[in-house]
Amino acid sequence: MQNPQNLIWIDLEMTGLDPDRDVIIEMATIVTDAPLEFDPEDALRQPYKPELYDLFLKLEFTKLIKKYNLAPSTAAPEPAAVTCDEDHITTVETAVTDEDAARYLALWRRASHVAVYGLPDLSVMAAACEVDEHHSLTVILQSDRFGGDWETLLRQLFSPDIRKLAHNVKDMIRALLERGIHADGFIFDTALAGYLLDATAGGYDLPRLFMGYCGVELPAPSHLEPDAFSPLGSNPAAEAALCSYASAIDALYGVLPPKLEALNMTALLHEMELPLCRVLAEMELAGFRIDGAALARFGEDLQQRIVTLEQSIYHMAGEEFNINSPKQLGAILFDKLQLPHGKKTKTGWSTNAEVLEKLRYEAPIVDKVLEYRQYAKLRSTYADGLLRAVSPDGRVRTSFQMTVTATGRLSSTEPNLQNIPTRTELGSEIRRLFIAGDGNVLVDADYSQIELRLLAHMAGDEAMQQAFLSGADFHTVTAAKVFHVPESEVTHQMRSRAKAVNFGIVYGMSAFSLSQDIHVTVAEAKDYMERYFATYPGVKQYMTDIVEKAKEQGYVETLYHRRRALPELKSSNFIQRSFGERVALNMPIQGTAADIMKLAMLRVYDRLRRENLQARLIMQVHDELIVECPASEREQVERLLTEEMEQAAQLSVPLIAEAHSGKNWLAAKE
């Protein structure tokens, strides 16, 4: 039997029906004459939209960008290479003699700018510039192949009369300072520009930036290992990579400045970030003197305390075990001693700090374990870690990172001197070990409640502004208003809770988090916050407005136009959205505080030089600056620090800085 049109044959064995009978079941009718307008060519793959490149770049799908030959919507100039065509010639030469150097230096002085890229120690560099509109030249400079005066060449190249582009200018200045060369003339830093344009990108190495903004892949950094540059002859692959990096800097200079201008961040780069490179490089080179012998004794004392605590913990546990093993510690606390516990992980019970803090008063062993962890961290991170970092001259030299935080704050690494603990007596003792040089003192100045003062200014709350203008203790004033008592009757607990609310508001803290912080119920914490907002209604309105504005714009910014994108505000995930809202509240304040501190550093640095003082900036910790100076300059430096920090910004409330001095860091803080 033929299958009639629009009918479907069914395999009866598959249906369980009687296979001896022909059964035709009408399942559906296929309409073959529907009035559809369709051109098969419309189904052909179309060119990828420019937006796909932006998406893949954000997701760091660099291999897919390359696979599909994606490019940004506005193509950037390709890096210079050793090419020759009808319109433009690009050549590469090597400086070998002083005569070569003189010729190139004359060219660089005439050029609008020179892109310089080098190995970290600047023993090998490439300098790229335009000779004229039809000719570009990249010069390779290699110290062990240069027959002339290398130091003189460096001094002239990095003099102010040659306008230079570079990547990580601060590190380049530091390398030159180590040679006794004071560099100047930098007009652009591609790393800093990339950071300002996207403060949450996570990395600003040159290959990543060049791929992101120019769509071109640079040779891997492994091509630029120092061993690749032999003094006996050229290495074409290494030299080509070096030239590509210099040319990439030049190409990015054609792309990034307009983007900065569009976001109103040109001044931020040229008046804050670039000038700060020199200040930070000199601070890194100066270092911070530390009492190495006292540090070693401190470590030994900590070790003795750790051994004593170990024995005490073993006695309470009834057996020896690895206290540093969460699995073994969890078994002791929760299985053997039957203490209250939380969730069990794949490896055992959770024994993190939050869990143990809640159990501190449940059993003496918990308090001992927390104390053990504190001493162990102090010993490994600070006693042992700092001891390894001490240079032969007795000074510790940190590295200030300019492109790490999303708020613009500087960070300190290798070692981190911004994270020296202060809340514990033992932690504070570490600061006592940081000392002034012979005949010198340390002058320490910090801002008083700068973030709260910025909140008062940015929120425009008259009551909060008046509290700061009065000169009274702000936390006491707040406590008096929130608890409806005269300032003279504010107790220590009232002030402490008012202080927690003050700073909690700045950081977008929830009632639950506040309750955990000040050890009250969530209802009490919520009541404190409601009283606070009733006291300072402008703050509540500011918080609402800034989050709404961030949702509309997709970003927040500081008073100096430092920007942070907030895609989290559009997330369907509640946790992500809540995070975005907290950042929207905090970043403009914390970021502006970071900007003001940078301006203060520049002002202090310039004034120290103007007044021909021997004093020098050696450390910055968030809202704190430390200067080392001869004892004879103490009063002048204290006054100078206070004045320059307080005049770094003009707000509706006064900026207050307080300076103290002493022979060590702890004494200078007191």
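Structure first, text after, so check above.
Residue numbers restart at each chain and count upward from 1, following the sequence in its written direction. In keeping with the model being predicted, local features are shown solely for residues with a pLDDT of at least 70 and side-chain atom pairs are shown and tallied solely at 80 or more, while totals for entire chains, interfaces and linings include all residues. The side-chain quantities take in all heavy atoms of the structure and omit both hydrogens and water.

Observations regarding the overall build of the protein chain
Put simply, DSSP H or I for four residues or longer makes a helix, DSSP E for two residues or longer makes a strand, and each gets a number counted from the N terminus. Within the protein chain, the regular secondary structure consists of 26 helices and 19 strands. Across its three principal axes, the protein chain shows a C-alpha extent of roughly 110 × 80 × 60 Å. Burial here depends on accessible area, computed with a 1.4 Å probe over protein chains only, as a share of the maximum for the residue type. Under 20% is buried, over 50% is exposed, and the range in between is partly exposed. For the protein chain, the residues scored as buried account for 48% of the 670 residues in total. Here the Shrake-Rupley method, with its probe set to 1.4 Å, supplies the accessible areas, and only the displayed protein chains count as covering residues. For the protein chain, the accessible area works out to roughly 34,100 Å², and carbon and sulfur atoms hold 50% of it. Positive: Lys, Arg. Negative: Asp, Glu. His and the chain ends are not part of the count. The location of each charge is read from NZ of Lys, CZ of Arg, CG of Asp or CD of Glu. One finds the centroid of the 67 positive side-chain charges in the protein chain at a distance of 6 Å from the centroid of its 96 negative side-chain charges.

Quick word on the sheet that holds strand β17 (residues 616–621)
DSSP-based pairing: two strands are paired if at least 2 bridges between them are found. Strand order across the open sheet formed by four strands is β17-β18-β14-β19, with antiparallel pairing between neighbours. With one partner strand each, in any of the chains shown, β17 and β19 (657–662) form the two edges of the open sheet. Sheet twist, expressed as the average angle between the axes of neighbouring strands with direction ignored, equals 20 degrees. Examined bridge by bridge, strand β14 (residues 440–447) and β19 share six bridges and lie antiparallel to one another. In the sheet register, Ala445 faces β19, and the bridge partner there is Ala659. Orientation is described by axes fitted as lines to C-alpha atoms, over the contacting stretch for helices, and by angles from 0 to 180 degrees between their N-to-C directions.

Points about the packing of helix α4 (residues 98–110) against helix α5 (residues 150–157)
Direction vectors running N to C along α4 and α5 enclose 5 degrees, while the axes themselves pass 11 Å from each other. Considered as vectors, α4 and α5 are oriented roughly parallel to each other. Across from Ala101, Leu105, Trp108 and Arg109 in α4, the residues of α5 making contact are Leu153, Gln156 and Leu157. Each residue is assigned to one class: nonpolar for Ala, Val, Leu, Ile, Met, Phe, Trp, Tyr, Cys and Pro, charged for Asp, Glu, Lys and Arg, and polar for all the others, Gly among them. Looking at the contact of α4 with α5 residue by residue, the classes come out as five nonpolar, one polar and one charged. Throughout this description, any angle smaller than 35 degrees is read as roughly parallel, any larger than 145 degrees as roughly antiparallel, any in the 65 to 115 degree range as roughly perpendicular, and the remainder as oblique. A contact between two residues is defined here by any heavy atoms of the two lying within 4.5 Å.

Overview of the pairing of β14
Of all eight residues making up β14, seven are buried, and the element is well covered by its neighbours. Bridge count for β14 against strand β18 (residues 624–630) is seven bridges, and the pairing is antiparallel. Of the residues in β18, the one forming a bridge with Asn440 is Pro630.

Focus on the environment of Ser234
Structurally, Ser234 can be placed in the loop between α8 (206–214) and α9 (236–253). Distance in space between the C-alpha atoms of Ser234 and Leu566 is 48 Å, their sequence separation being 332 residues. Ignoring sequence-local partners within four residues, the contact set of Ser234 consists of Arg145 and Glu239.

Focus on empty space enclosed by the protein
Think of a 1 Å grid over just the protein atoms. A cavity is a set of points where a 1.4 Å probe fits yet cannot get out, a pocket is an open set with protein on both sides within 12 Å along at least five of seven lines, and lining residues have an atom within 4 Å of a point. Grid points are joined across faces, edges and corners, and a volume is the space filled by probe spheres set on the points. According to the stated counting rule, one finds three cavities of 30 Å³ or more in the structure shown. Thr478, Val482, Phe483, Arg497, Ala498, Val501, Tyr528 and Tyr532 together form the lining of the largest cavity. Elements with a minimum of two residues in the lining of the largest cavity: α19 (474–483), α20 (492–506) and α22 (522–535). Among the residues forming the lining of the largest cavity, the class breakdown is six nonpolar, one polar and one charged.

What about the state of the cysteines?
Pairs of cysteine sulfur atoms within 2.5 Å are what we label disulfides. Evaluated as defined, the whole model comprises zero disulfides. Unpaired in this structure, Cys243 has its nearest cysteine sulfur neighbour in Cys129, at a distance of 12 Å. Residue classification places Cys243 among the buried positions, given a relative accessible area of 7%.

Considering the packing of aromatic side chains
Centres within 6.5 Å are what make two rings of Phe, Tyr or Trp a pair, Trp counting through its six-membered ring; a difference in plane orientation under 30 degrees is then read as stacked, over 60 as edge-to-face, and the rest as tilted. Under the defined criterion, the tally for this structure stands at 16 aromatic pairs. Relative to Trp108, the ring of Tyr104 has its centre 6.1 Å away and its plane inclined at 25 degrees; by these criteria the two rings are stacked. Here Tyr104 and its partner Trp108 are both found in helix α4, four residues apart, which amounts to about one turn of the helix. A ring pair is formed by Tyr532 and Phe533, whose centres lie 5.9 Å apart and whose planes are at 80 degrees; its orientation type is edge-to-face. Among the aromatic side chains, those forming a connected cluster through ring pairs are Phe468, Phe474, Tyr532, Phe533 and Tyr536. Taking the ring centre of Tyr104 as reference, the NZ or CZ of Arg103 above it sits at 4.7 Å. A ring has a charge above it when a Lys NZ or an Arg CZ is no more than 6 Å from the ring centre and no more than 35 degrees off the ring normal.

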